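Descriptive analysis of the structure
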Amino acid sequence: MERIDAFEQMLADLKKQAAYETEQMEKLKAAGKEKTATYRQLFGNCFFYKQMLNLYKKYGLID
């Protein structure tokens, strides 16, 4: 696998995981479970994903 292919696969996986965890957070929030460890972990993960995507944008790797 070439580097560009690996990057594209990683980016797709990152976006997919971020969407999944955002969905899980929404379900927990709807159930009133914003104070749980699971919700907080998902929140931290989503923050990390957002930071990664912002770095990619900063360096012109994605739009």
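Everything below is about the structure shown above.
Summary of the structure given here. The shown structure was predicted, so the numbers you read here are calculated from the model rather than taken from an experiment.

To continue, consider the overall build of the protein chain. Secondary structure summary: the protein chain contains 2 helices and 0 strands in total. Taken against the 2.2 N^0.38 rule, which gives 11 Å for 63 residues, the C-alpha radius of gyration of the protein chain at 14 Å runs more than 25% over that of a compact globule. The principal-axis extents of the C-alpha atoms in the protein chain amount to approximately 45 × 25 × 15 Å. When burial is assessed residue by residue, the protein chain has 22% of its 63 residues classed as buried. Expressed as a percentage of contacts within the protein chain between residues at least 6 apart in sequence, the contacts between residues at least 24 apart total 53%. Total accessible area on the protein chain is roughly 5200 Å²; 56% of this is exposed by carbon and sulfur atoms.

As for its placement among the helices and strands, E23 is situated in helix 1 (residues 3–30). Once the C-alpha coordinates of E23 and L42 are considered, the two residues, 19 residues apart in sequence, prove to be 9.9 Å apart.

For the coordinates displayed, the defined rule picks out 2 aromatic pairs. With a centroid separation of 5.2 Å and 85° between ring planes, the pair formed by F7 and Y56 is classed as edge-to-face. Of this pair, F7 sits in helix 1 while Y56 sits in helix 2 (residues 37–58), and the two are 49 residues apart along the sequence. A residue is classified by how much of its surface remains accessible, and Y56, at 10% relative accessible area, is buried.

Topologically, E21 is positioned in helix 1. Buried charge without a partner: E21 forms no salt bridge, and the closest opposite charge is K16, 12 Å away. Within the structure, E21 has its side chain in polar contact with the side chain of Y49 (distance 3.3 Å). Residues within four places of E21 in sequence aside, it is in contact with L42, N45, C46 and Y49.

Here we come to the packing of helix 1 against helix 2. Orientation of helix 1 relative to helix 2, taken along the N-to-C sense of each, is 145°, at an axis distance of 9 Å. Seen along the crossing, helix 1 lies across helix 2 with a hand that is left-handed. Each residue belonging to the contact of helix 1 with helix 2 can be placed in one class, and the counts come to 15 nonpolar, 5 polar and 3 charged.

Reading the values: rules and limits
- Residues numbered from 1 in each chain as written.
- Predicted model: local features only at pLDDT ≥ 70, side-chain atom pairs only at ≥ 80, totals over all residues.
- Heavy atoms only, no water.
- Helix = DSSP H or I, 4+ residues; strand = E, 2+ residues; numbered from the N terminus.
- Rg over C-alpha atoms; globule rule 2.2 N^0.38 Å.
- Buried < 20%, exposed > 50% of the residue type's maximum accessible area, 1.4 Å probe, protein only.
- Contact = heavy atoms within 4.5 Å.
- Areas by Shrake-Rupley, 256 points an atom, 1.4 Å probe, with all protein chains shown as cover.
- Phe/Tyr/Trp six-rings, centres within 6.5 Å; stacked < 30°, edge-to-face > 60°.
- Lys, Arg positive; Asp, Glu negative; His and termini not counted.
- Salt bridge = Lys/Arg side-chain N within 4 Å of Asp/Glu carboxyl O.
- Polar contact = N/O pair within 3.5 Å; in protein donor to acceptor, adjacent residues only side chain to side chain.
- Axes fitted to C-alpha atoms, helices over the stretch in contact; angles between N-to-C directions.
- Left-handed = near helix turned anticlockwise from the far one by under 90°.
- Nonpolar A, V, L, I, M, F, W, Y, C, P; charged D, E, K, R; others polar.

By themselves, these figures tell us nothing about what the structure is for.
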